[in-house]
Amino acid sequence: MALYLGVMSGTSLDGLDIALIEQGEQLELLATHYLPMPGDLRQELLSLCSSGPDEIARAALAENRWANLAGEGIRQLLARQGLQAGAIRAIGSHGQTIRHEPARGFTVQIGNPALLAELTGISVVADFRRRDVAAGGQGAPLVPAFHETLFSHLGQRLAILNVGGFSNLSLIEYDKPVHGFDCGPGNVLLDAWIERKRGQAYDADGAWAASGVVQADLLSALLADPFFAGSGPKSTGREVFNLPWLDGHLARLPAYRDEDVQATLLELTARSIIDSLRNAQQGTETLLVCGGGARNGALMTRLGQLLPGARVASTGAHGVDPDWVEAMAFAWLAHCCLEGIAANRPSVTAAKGLRVLGAIYPA
């Protein structure tokens, strides 16, 4: 058995999730820690998602700050658990995605894994996505293989939905390779709209969206984006779905109440998920949800309404805390890299074959 740490900051950029797992015959989550993202660092990381002045130097400075934040969080978690750095075999660090354009042959995650290894005295495995892209794949999503490891024993037509800034599905069935893809925006537009209009970081429980009315013409325009027509493998990011994208649609349509836009954005998230699920898996029996979207009551309710006859629940119903699945996944990916286990799935990313993912930065 060995101990691994996983560090994840997703597209929502609210903070860093750190998970401590024990990997043996079974995987067990032992401890977790969360660090809020400093506001100025969050804004800088967001700005780096598009071109700007002096961006190479700014990215280098931002990733140093990210690594220092991750290092501090790891030290705090280990101190709380009474563990020394030598007890941890490796850290799996996703880093922060600032560009993801597999169609152009690249994906960029920053986080200075060399500095993180230096700060913690623990070997770091990072840069998980680029090997899959080099093999012709999308480089994302990477979590379906982990979802398969956690949940394939359930033995049914199962879908695992992760709703972070963006949403992605993992489809698990008997005698079939795991399938998966990005569905589209998860919380990214919901968070951006409520931050612009109400100065809030997110829509707690989807309450503001629930106060509005879905606007059919706006929803139809949003769903007409070419991304939604593809069946996968496919992945997306802030390069496609962002406030300027939304503003472009709003400029061509009548003015709406702010809460009605929020309601329509929630419906966009729910519809893009369920439409793509129906196209990819017939007769889904259970949809298990993880990520921040699992805490959005309005979204969970709407998913259940759009998928009648299926059980819609949080992954917590099967003993896996929905807030920590992705951080656990990158701890597991570090394990796979060190053991030489291929962790991509060509059925998900369209890579040319199975590949061992990650680059190793020894302590």
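Keep in mind that what you see is a predicted model, and the values were worked out from it rather than measured.

**Section: the nonpolar core**
Where a protein is soluble and globular, its nonpolar side chains tend to be buried together.
For step 1, the next point in the chain: Ranked by size, the top nonpolar core spans 46 residues in total, and within it Leu169, Leu246, Leu265, Leu268, Leu287 and Leu303 carry the most contacts.
For step 2, the next point in the chain: Considering every element that reaches this core, the biggest residue donor is helix H10 (residues 258-280), with eight residues.
For step 3, the next point in the chain: Contacts of Leu265, omitting those with residues within four sequence positions, involve Leu189, Leu190, Trp193, Leu222 and Leu246.
For step 4, the next point in the chain: With 39 residues, the next largest nonpolar core counts Phe128, Leu288, Phe330 and Cys336 among its residues.

**Some details on the pattern of salt bridges**
For step 1, the next point in the chain: Following the criterion strictly, the structure yields 19 salt bridges and no others.
For step 2, the next point in the chain: Put simply, Arg130 and Asp127 hold a salt bridge, and the shortest N to O gap is 3.1 Å.
For step 3, the next point in the chain: You can call Asp127 partly exposed: its relative accessible area is 23%.
For step 4, the next point in the chain: For Arg295, the salt bridge goes to Asp321, with nearest N and O atoms at 3.4 Å. Residue Arg295 is located in the loop between strand E11 (286-290) and helix H11 (297-306), and its partner Asp321 is located in the loop between strand E12 (311-314) and helix H12 (325-339); the two are separated by 26 residues in the primary sequence.
For step 5, the next point in the chain: In this structure Arg295 comes out as partly exposed when scored by relative accessible area, which is 48%.
For step 6, the next point in the chain: Counted as one network, the salt bridges with shared partners bring together Arg257, Glu259 and Asp260.

**A short note on the packing of aromatic side chains**
For step 1, the next point in the chain: Scanning the model with the defined rule gives six aromatic pairs in all.
For step 2, the next point in the chain: Measuring from centroid to centroid gives 5.4 Å for Phe228 and Phe241, while their planes differ by 35 degrees, and the two rings are tilted. Placement of the pair is Phe228 in the loop between helix H8 (216-223) and helix H9 (243-250) and Phe241 in the loop between H8 and H9, with a sequence separation of 13 residues.
For step 3, the next point in the chain: On the basis of relative accessibility, which here comes to 0%, the residue Phe241 falls in the buried class.
For step 4, the next point in the chain: Aromatic pair Phe241 and Trp245: ring centres 4.9 Å apart, planes at 85 degrees, arrangement edge-to-face.
For step 5, the next point in the chain: Residue class for Trp245 comes out buried when judged on its relative accessible area of 13%.
For step 6, the next point in the chain: A network of ring pairs unites the aromatic residues Phe227, Phe228, Phe241 and Trp245 as a single cluster.
For step 7, the next point in the chain: Over the ring of Phe227 we find Lys234, and its NZ or CZ is 4.3 Å from the ring centre.

**Some remarks on the UniProt feature "binding site: ATP" (unreviewed entry) in the chain**
For step 1, the next point in the chain: Taking the UniProt record as the reference, the feature "binding site: ATP" (unreviewed entry) is found at Gly10, Thr11, Ser12, Leu13, Asp14, Gly15, Leu16 and Asp17. Here, the second largest pocket is lined by Thr11 and Ser12 out of the annotated residues.
For step 2, the next point in the chain: Relative to the helices and strands, Thr11 resides in the loop between strand E1 (2-8) and strand E2 (15-23).
For step 3, the next point in the chain: For Thr11, the contacting residues outside a window of four places in its chain are Gln96, Gly165, Phe166 and Arg238.
For step 4, the next point in the chain: Relative to the helices and strands, Leu13 resides in the loop between E1 and E2.
For step 5, the next point in the chain: Judged by its relative accessible area of 1%, Leu13 is buried.
For step 6, the next point in the chain: When sequence neighbours within four positions are dropped, the list of residues in contact with Leu13 reads Met37, Arg42, Leu45, Leu46 and Gln96.

**Some remarks on the environment of His318**
For step 1, the next point in the chain: Of note, His318 is situated in the loop between E12 and H12.
For step 2, the next point in the chain: Along the chain, His318 and Val261 lie 57 residues apart, while their C-alpha atoms are 34 Å from each other.
For step 3, the next point in the chain: Here Arg311 takes part through its side chain, which lies 3.3 Å from a polar atom of the side chain of His318.

**Notes on the sheet that holds strand E7 (residues 124-126)**
For step 1, the next point in the chain: Read across the open sheet, the six strands follow the order E3-E2-E1-E4-E7-E13; overall the sheet is mixed. Only two strands of the sheet have a single neighbouring strand rather than two, namely strand E3 (27-36) and strand E13 (359-361). Recorded for the sheet is a direction-independent mean angle of 20 degrees between the axes of neighbouring strands.
For step 2, the next point in the chain: As paired strands, E1 and strand E4 (residues 88-93) are joined by five bridges and run parallel to one another. Across the sheet, the residue bridging to Leu5 is Ile91, located in E4.
For step 3, the next point in the chain: Here helix H3 (residues 113-120) sits on the sheet and contacts E4, E7 and E13; the angle it forms with E7, its principal contact strand, is near 160 degrees.
For step 4, the next point in the chain: Sitting on the sheet, H12 is in contact with E1, E2, E3, E4, E7 and E13, with an inclination near 125 degrees to E1.

**A look at the sheet that holds E12**
For step 1, the next point in the chain: Strand order in the open sheet formed by five strands is E10-E9-E8-E11-E12, with mixed pairing between adjacent strands. Strand pairing shows two members of the sheet lacking a second neighbour, strand E10 (179-185) and E12, which therefore form its edges. With strand direction ignored, the average angle separating the axes of adjacent strands in the sheet is 20 degrees.
For step 2, the next point in the chain: Of the strand pairs in this sheet, strand E8 (residues 158-163) and strand E9 (residues 166-172) are connected by six bridges, and their pairing is antiparallel. Bridge pairing in E9 places Ala159 opposite Leu171.
For step 3, the next point in the chain: Along the sheet, H11 makes contact with E8, E11 and E12, crossing E12 at roughly 160 degrees.

Conventions used here
- Residues numbered from 1 in each chain as written.
- Predicted model: local features only at pLDDT ≥ 70, side-chain atom pairs only at ≥ 80, totals over all residues.
- Heavy atoms only, no water.
- Core = buried A, V, L, I, M, F, W, Y, C linked by side-chain atoms within 4.5 Å.
- Buried < 20%, exposed > 50% of the residue type's maximum accessible area, 1.4 Å probe, protein only.
- Helix = DSSP H or I, 4+ residues; strand = E, 2+ residues; numbered from the N terminus.
- Contact = heavy atoms within 4.5 Å.
- Salt bridge = Lys/Arg side-chain N within 4 Å of Asp/Glu carboxyl O.
- Phe/Tyr/Trp six-rings, centres within 6.5 Å; stacked < 30°, edge-to-face > 60°.
- Lys NZ or Arg CZ within 6 Å of the ring centre and 35° of its normal.
- UniProt positions renumbered as here; feature names shortened; annotations may be inferred.
- 1 Å grid on protein atoms, 1.4 Å probe; cavity = no way out; pocket = protein on both sides within 12 Å on 5 of 7 lines; lining within 4 Å.
- Polar contact = N/O pair within 3.5 Å; in protein donor to acceptor, adjacent residues only side chain to side chain.
- Pairing = 2+ DSSP bridges.
- Axes fitted to C-alpha atoms, helices over the stretch in contact; angles between N-to-C directions.

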